[in-house]
Amino acid sequence: MENAIGVALLQEIWLKKEETFRLAHYRLASFRRNQGFGGVGILVHETLAFETIEFEDLLPIEAIGIKITRGFSPLKLISVYIPPGQTPIGETRRKMQEFFETLELMEGEIIVGGDFNSHHQSWDPGSINCPKGNTLNSILEPSKFILLNDGTPTCMSTVSRNSTVIDLTLGTAGIATKSRWEVIPQEFGSNHLSIIINIGSEIPVVPGKIKRVNKDRAAELINQLKPQYIYNPEEMQAIFEDSVEKASFIVKDKKGNFLKRWWSQEINAAYTQKREMLRDYNRSKTITNLLKLQKARANLKRLIRKAKRAYCQELSEAVDEETPTRQLWNIIKGIDTALTQPVSRKPEITQEDAQRFLAHYYDNKMKSVRKPHTDTLTEWKGYEMALQVEEILGALRKRKAYSAPGEDGMSYGILKNLRLDMQI
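All values derive from a computational prediction rather than experimental measurement. (Residues numbered from 1 in each chain as written. Predicted model: local features only at pLDDT ≥ 70, side-chain atom pairs only at ≥ 80, totals over all residues. Heavy atoms only, no water.)

**Q** Describe the confidence of the model for the protein, listing the residues and the values that go with them.
**A** Across the protein, pLDDT averages 77, with 75% of residues at or above 70. Across residues 253-258, where pLDDT falls below 50, the model places 18 contacts with residues more than four positions away in sequence or in other chains. (pLDDT = per-residue confidence, 0-100. Contact = heavy atoms within 4.5 Å.)

**Q** So what's going on with unusual backbone geometry? Residues and values would help.
**A** Residue Pro60 follows Leu59 across a cis peptide bond; omega there is 15°. Tracing the sequence through the fold places Pro60 in the loop between β4 (49-54) and β5 (62-70). Of note in this structure, His25 is not a glycine but carries a positive phi near 70°. By secondary structure assignment, the location of His25 is in the loop between β1 (7-11) and β2 (26-31). (Helix = DSSP H or I, 4+ residues; strand = E, 2+ residues; numbered from the N terminus.)

**Q** Quick rundown of the pairing of strand β10 (residues 179-183)? Include the residues and the values.
**A** What you see with β10 is a clean split: Ser179, Trp181 and Val183 sit on the buried side and Arg180 and Glu182 on the side with no burial. Here β10 pairs with strand β11 (residues 195-199) via five bridges, running antiparallel. Each residue of the ladder has a partner; that of Ser179, found in β11, is Ile199. (Buried < 20%, exposed > 50% of the residue type's maximum accessible area, 1.4 Å probe, protein only. Pairing = 2+ DSSP bridges.)

**Q** Could you give me a rundown of the sheet that holds β2, with the residues and numbers involved?
**A** What the three strands build is an open sheet, ordered β1-β3-β2; its pairing is antiparallel. Edge strands, defined here as strands with exactly one partner in the open sheet, are β1 and β2. On average, adjacent strands in this sheet sit at an angle of 15° to one another, irrespective of strand direction. (Axes fitted to C-alpha atoms, helices over the stretch in contact; angles between N-to-C directions.)

**Q** Can you tell me about the environment of Ser163, naming the residues and giving the values?
**A** Residue placement: Ser163 occurs in the loop between β8 (145-147) and β9 (167-172). Look at Ser163 and you get partly exposed, because its relative accessible area is 35%. Separated by 28 residues in sequence, Ser163 and Asn191 place their C-alpha atoms 9.3 Å apart. Excluding residues within four positions of it along the chain, Ser163 makes contact with Pro153, Cys155, Met156 and Ser157.

**Q** Describe the pattern of salt bridges, and please don't skip the residues or the numbers.
**A** Taken as a whole, this structure holds nine salt bridges when the rule is applied. One salt bridge connects Lys95 with Asp57, and the closest N-O pair in it is separated by 3.3 Å. On the criterion of sequence distance, the pair formed by Lys95 in helix α1 (residues 91-105) and Asp57 in the loop between β4 and β5 is long-range, its members being 38 residues apart. Residue class for Asp57 comes out exposed when judged on its relative accessible area of 63%. Here the residues in one salt-bridge network are Asp57, Arg94, Lys95 and Glu98, joined through shared partners. (Salt bridge = Lys/Arg side-chain N within 4 Å of Asp/Glu carboxyl O.)

**Q** Give me the lowdown on the packing of α1 against helix α6 (residues 265-283), citing residues and values where you can.
**A** The N-to-C vectors of α1 and α6 enclose an angle of 100°; their axes lie 10 Å apart at closest approach. In terms of orientation, α1 lies roughly perpendicular with respect to α6. Contacts between α1 and α6 involve Glu101, Glu104 and Leu105 on the former and, on the latter, Tyr271, Arg275, Leu278, Arg279 and Asn282. (Parallel < 35°, antiparallel > 145°, perpendicular 65-115°, else oblique.)

The structure is reproduced here in structure tokens:
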């Protein structure tokens, strides 16, 4: 099946129940409306054997699933569609919880893909959280699923709205570590873009290693240059890039999807108990089992809220106004030191130090620039004097040291560490 699609998860198939659909070498499992609107389906290649998984009484949520039994490793795939305009309260919110509770009870590896019509910054950093997105995020956070989306827009922009991320792909841990998620930047008759998921044995979701730049080392290499021997900008650019490359190093990326620094054994035990209560309730839907389930669910939420508050309190006590912003975010993302370790700080250069430096090296060396002859004096207003060193240093000082570099790879953090003659 090289270069072929084994399984395709489809939403809004617009097929009526009695309507016939045929596609060479593929079979269709589907959930359809009587009117033909909406609907979901899964196309399966003829070389794969599968069993259909049906979800009953979930409207307005539409879902269909399959379990592959031959031709590939055991795997369940679910296609889901949540129509727009449905407020995540009452019936719709309850159906969303029922749907994911059903998925929690399924054994083995699972992939869920669909049009959720939900906005949240967890999967779309540039969006504004909507009520449905808040509900979905609160359900996913304590679940066993990992979000495979990387923030790439899945729905193209139109005249009335910007590009968004409303098509989500979820996977359990075993399959997520073998999957590569990618959006195809080509439309096929819809403003929704196609998503390709390649499943292999050595394809991680998060790269195991990333490259970082030691800014102090890069500045040290550049400070060793002698500008009087550099003849053109291209040569200077090449030297800069070479210095940045020499100062780069490889580190392991410890960040994972939905990092939960506040997760504990107590929360894990409560989560396990909630799953057991849910399993008992699905086996026997009695009032007693329902009350046990609600009690276990409330206990889990209470422990999670308590752990989050404790972690936020610990974080706020471990940092202050002098904590470098970069280190603070690294702590939150789990790729830096623990909160119990001392916070590293950079030595500060006072204004008096800067004034003594300028007076020692540049006193009486800055002269006025002769103003060119012009009939309109207002055209040259503000150009009477040459650009002052203080202006250059002031503008550089206002730049963020950790902002992303340009094409030359030179960040403001590196420029701030250069010698003064290199800066100006």
